[in-house]
Amino acid sequence: MKKILFALTAVAAMTGSASAADLGARPYVKAPMAAPVANWTGFYIFGGGGGGLSAADQRVQTTVGAVPLTIDQRQGGSGWFGTVGLGYDWQFSGTWVAGVFGDGQFGSIRATIQDPIVGITGTQKLEDSWAAGVRLGYLVAPNVLSYVNGGYSGAHFGQTNFLTLAGVPAGIHLNSYNRNGWFIGGGVENNLNIFGIQSPGWFMKTEYRSAFYNAKTSNELFDVTNTLVGRDIRANSWNQTISTSLVYRFNWTGPVVAKY
């Protein structure tokens, strides 16, 4: 009986060894690739241009006592501008980006100014403005940022020279002035690595902005003597702009894919 058990044990041991030898080596399975990541933290500069619309609620009133002579009427205009600026972003929680920025705009967004009491009209030009604000964005892709922004803004409006209905100078003007206000907006910024062309650090952003400036009372003045006419124009200003800018990020490092 012992001999039979010994023989069966020996056969089982040889069978197991043969089976193990027949098995090939375990196939190598490559680890999954990590998802692309990008680093948006750092300084950037930009420059570009765009177009805008201007609207203002205005009325004519007396210089003494500010007695309204007309109801509030909305006048509008349009034009083009250029922009330059800089900023700093912080990326957090993987796909969120927050930042601060400042920029300036220069150009010619023109709006109509009227005094229907004596039938004169003029053009007021938004010559330049500046803005300082914050933005918050979400990475819809490693190299594409969608964001909203808002902040404080100031603007310089040029002198308005009035014309008569016949199109000749009326001899009356409004002096230039500065106004402050606030803005809100948003846009999309994306890396320019497209069509197989590599452009590290270079981006393009397209942004909408709506800026509101406080109402201002401007004296109508005679051109020759620069004295008061006796009527004032009180108006606020609302400007909407769309711009496209070329952006350069100084420490752009993404997207990067881990290698194995």
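From a predicted model like this one, the values you see are computed outputs, not experimental measurements.

**Q** Can you explain the overall build of the chain? Please cite residues and give values.
**A** Within the chain one finds one helix and ten strands. Seen in sequence order, the chain has helices and strands lined up from the N terminus as α-β-β-β-β-β-β-β-β-β-β. Residue pairs in contact within the chain that sit at least 24 positions apart in sequence constitute 70% of those at least 6 positions apart. When the accessible surface of the chain is split by element, carbon and sulfur atoms take 66% of a total near 14600 Å².

**Q** Describe the environment of Asn-178, with residues and values.
**A** By secondary structure assignment, the location of Asn-178 is in strand β8 (residues 177–191). Note on Asn-178: relative accessible area 54%, which makes it exposed. With 52 residues separating them in the primary sequence, Asn-178 and Leu-126 have C-alpha atoms 9.8 Å apart.

**Q** Mind laying out the confidence of the model for the chain, listing which residues take part and the relevant values?
**A** Keep in mind that low pLDDT regions are not for reading the predicted coordinates in detail. Taken as a whole, the chain shows an average pLDDT of 87; of its residues, 82% reach a score of 70 or greater. For the chain, per-element mean pLDDT is lowest for helix α1 (residues 2–22), which scores 46, and highest for strand β7 (residues 169–174), which scores 98. Note that residues 1–23 has pLDDT below 50 and, in this model, zero contacts with residues that lie over four places away or in other chains. Residue range residues 256–260 is modelled with pLDDT below 50. Its contacts to residues more than four positions away, or to other chains, number eleven contacts.

The rules behind these values
- Residues numbered from 1 in each chain as written.
- Predicted model: local features only at pLDDT ≥ 70, side-chain atom pairs only at ≥ 80, totals over all residues.
- Heavy atoms only, no water.
- Helix = DSSP H or I, 4+ residues; strand = E, 2+ residues; numbered from the N terminus.
- Contact = heavy atoms within 4.5 Å.
- Areas by Shrake-Rupley, 256 points an atom, 1.4 Å probe, with all protein chains shown as cover.
- Buried < 20%, exposed > 50% of the residue type's maximum accessible area, 1.4 Å probe, protein only.
- pLDDT = per-residue confidence, 0-100.

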